[in-house]
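Here is how the chains run, residue by residue.
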Amino acid sequence: MKALALPVLLCSLLAGLSLCLIPDGCEAQKPLRLRHDESGIFALGIRTGMAISNNDGWYFSPGWGAQTRIQASRHFNTEWYLEFFHGAYTDYAVRTDGHIGGLLMWYPQHRPQNVAPFLCLGPNADYIKLRDRLNKENFTSRWSLGAQAGIGMHITLTRRSDITISTQYMTHFGQSMALAVNESTVVTIPKSGSGLDGHILLNVS
């Protein structure tokens, strides 16, 4: 019996050690948690919104697009987007806007929260087309550079998804565009020289 005591004792110690290690093994199998304070987090989404322009009255152009985000740090995020707006512009014309650009987003809060407000600023390239509402062959268009700034917030839905609401003002640096109306038709006329043209953007993404 004494000869068996040592092997039995060793087996008991090994069994106890194995039981102690089981919880650590189970813990290692849990999925990794998404930490919002780490750089390199990649996000992809779609967006819908409204462009609000003023020309002797307020005009609303609905739109849609897509964006991707790459987290730079706990307080900074980057967004790259493509969006398209189309709608009435005065009683005589239709306006189309296309934007391609990027944003730098700054989060003032110190810890990740379910609601994360931010400030944003960034450049973009934009395409604008004005055309006669009745005569599609009567139009003018141009490409230019622009910049936008605004505020927004992320609202967490699940561990891997959120909804973003933002409002921004975009300024276009380029040739000014206007509408001139005569007695028989509508003529779209780009003014000479450079100028500023801007509108308010509301986005849900």
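Residues numbered from 1 in each chain as written. Predicted model: local features only at pLDDT ≥ 70, side-chain atom pairs only at ≥ 80, totals over all residues. Heavy atoms only, no water.

Peer 1: Help me understand the packing of aromatic side chains, please; the structure alone is not making it clear to me.
Peer 2: To describe a pair of aromatic rings, one takes the distance between the centres and the angle between the planes. Enumeration according to the criterion identifies four aromatic pairs in this entry. Taking the centre distance of 6.1 Å and the plane angle of 80° together, the rings of Y107 and F118 count as edge-to-face. With a gap of eleven residues between them, Y107 in the loop between β4 (93-106) and β5 (115-132) and F118 in strand β5 connect regions that are remote in the sequence. Comparing Y107 with F118, the two get one shared label, buried. Each ring, one from Y127 and one from W143, has its centre 5.3 Å from the other, and the planes form 50°; the classification is tilted. In this pair, Y127 sits in strand β5 while W143 sits in strand β6 (residues 139-158), placing the two residues 16 residues apart along the sequence. (Phe/Tyr/Trp six-rings, centres within 6.5 Å; stacked < 30°, edge-to-face > 60°. Helix = DSSP H or I, 4+ residues; strand = E, 2+ residues; numbered from the N terminus. Buried < 20%, exposed > 50% of the residue type's maximum accessible area, 1.4 Å probe, protein only.)

Peer 1: For this particular structure, what's the right way to read the nonpolar core?
Peer 2: Across soluble globular proteins, you tend to see nonpolar side chains buried next to one another. Grouped together as the largest cluster of nonpolar side chains are eleven residues: A51, Y81, F85, L103, M105, Y107, A116, F118, C120, M170 and L201. Of all the elements in the fold, those that place two or more residues in this core are β3 (76-89), β4 and β5. In terms of residues, this core owes the most to one element, β5, which gives three residues. (Core = buried A, V, L, I, M, F, W, Y, C linked by side-chain atoms within 4.5 Å.)

Peer 1: What is the right way to read the side chain of E83 from this model?
Peer 2: Among the secondary structure elements, E83 is positioned in strand β3. One polar contact links E83 to R47, side chain to side chain, over a distance of 3.2 Å. Apart from the residues lying within four places of it in its own chain, the contact partners of E83 are R47, W64, G65, D97, G98, H99, M170, L201 and N203. (Polar contact = N/O pair within 3.5 Å; in protein donor to acceptor, adjacent residues only side chain to side chain. Contact = heavy atoms within 4.5 Å.)

Peer 1: Help me out: how do you make sense of a nonpolar patch on the surface in this one?
Peer 2: The grouping of F76, L104, W106, L119 and I151 at the surface amounts to a nonpolar patch, some 450 Å² of accessible area in total. Taking the relative accessible area as the measure of exposure, L104 reaches 44% and is therefore partly exposed. (Patch = residues over 30% accessible without salt bridge, like charges linked within 9 Å, V, L, I, M, F, W, Y side chains within 5 Å. Areas by Shrake-Rupley, 256 points an atom, 1.4 Å probe, with all protein chains shown as cover. Salt bridge = Lys/Arg side-chain N within 4 Å of Asp/Glu carboxyl O.)

Peer 1: Teacher, can you tell me more about the pairing of β6 here?
Peer 2: Side chains on a regular strand alternate between the two faces of the sheet. Of the strand pairs in this sheet, β5 and β6 are connected by 17 bridges, and their pairing is antiparallel. For A125, the partnering residue across the bridge sits in β6 and is L145. Linking β5 to β6, which pair antiparallel, is a turn of six residues. (Pairing = 2+ DSSP bridges.)

Peer 1: Help me understand the pattern of salt bridges, please; the structure alone is not making it clear to me.
Peer 2: Side-chain pairs of opposite charge can arise where the charged atoms are in close proximity. All chains considered together, the criterion is met by five salt bridges. Residue E83 pairs with R47 through a salt bridge whose shortest N-O separation is 3.2 Å. With a gap of 36 residues between them, E83 in strand β3 and R47 in strand β1 (residues 42-54) connect regions that are remote in the sequence. As far as burial versus exposure is concerned, E83 and R47 are alike and both buried. Across the pair R95 and D97 runs a salt bridge, and its minimum N-O distance is 2.8 Å. In terms of burial, R95 and D97 fall into one category: buried. Salt bridges sharing common partners tie together R47, R69, E79 and E83.

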